[in-house]
Amino acid sequence: MPPLNKSELRKKILQQRQSFSSTEWQDKSNQICDRLKSYSLFTEAQTILAYFSYRQEPNLAPLFELNKTWGFPRCVKQSLVWHSWHPGAELKLGKYGILEPLETAPIIEPATADLILVPTVACDFGGYRLGYGGGFYDRLLSKETGVDIPAIGIVFDFAYGVQIATDPWDISLNFVCTETGLHNY
């Protein structure tokens, strides 16, 4: 059977993900956070680019209290602009309904970060991710940008290992973290 097209697969996975109870979602998210905290690449990183959970993505908020420099994106045209953020700092809703730091927050150049935690709708066994279709992370992680930092896709187990039709511009992640494992590519 051929894989679902990206749009169909995205819709199917998002429906499944949003069917989690809030307790199940937070429990699975906490397991992912615990797994990351036990991984040396994460513990040794000083500057980490992350995301604020949207549409019941794994919630990484428990990590944000750790003594790290955290960067979060703002969508500006077809790019992500990264800003420093710390718990308690003001946020606003961006154009896609995702929380973003204020544009006055200090900018972080992605190439200076030690690690990026990438929101992922689904991921295959080769480290290719399915996002929301905007291409923001593929553009960021492409070799043309000069950003060469380890990228960990964050996804729930049920959406890991699905068959994804890839395009030539799709970028494979270095790692994928689920609530039960960390996978290296």
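The shown structure was predicted, so the numbers you read here are calculated from the model rather than taken from an experiment. (Residues numbered from 1 in each chain as written. Predicted model: local features only at pLDDT ≥ 70, side-chain atom pairs only at ≥ 80, totals over all residues. Heavy atoms only, no water.)

**Quick notes on the side chain of R10**
This is how the line gets drawn: Only DSSP runs of H or I reaching four residues or more are called helices, and only runs of E reaching two or more are called strands; each is numbered from the N terminus. Here a polar contact is recorded for every N or O atom pair within 3.5 Å, except that within protein the pair must consist of a potential hydrogen donor and a potential acceptor, and residues adjacent in sequence are included only if both atoms are side-chain atoms. Contact between two residues is taken to exist if any of their heavy atoms lie within 4.5 Å; hydrogens are not considered.
Position of R10 relative to the elements: it lies in helix α1 (residues 6–17). Engagement of the side chain of R10 in a polar contact is seen with the backbone oxygen of G131, the distance being 2.6 Å. Discounting chain neighbours no more than four positions away, the residues touching R10 are V121, L130, G131, Y132 and G133.

**Comments concerning the sheet that holds strand β10 (residues 175–177)**
Formally: Pairing between strands is defined by DSSP: at least two bridges between them are needed. Every angle, taken between N-to-C directions, lies between 0 and 180 degrees, and every axis is a line fitted to C-alpha atoms, over only the stretch in contact when it is a helix.
Read across the open sheet, the seven strands follow the order β3-β2-β1-β6-β9-β10-β11; overall the sheet is mixed. Only two strands of the sheet have a single neighbouring strand rather than two, namely β3 (79–85) and β11 (182–184). Put simply, the sheet's adjacent strands are angled 25 degrees from each other on average, direction ignored. One ladder, built from seven bridges, connects strand β2 (residues 69–76) with β3; its direction is antiparallel. When the sheet's bridge partners are listed, V76 is paired in β3 with S79.

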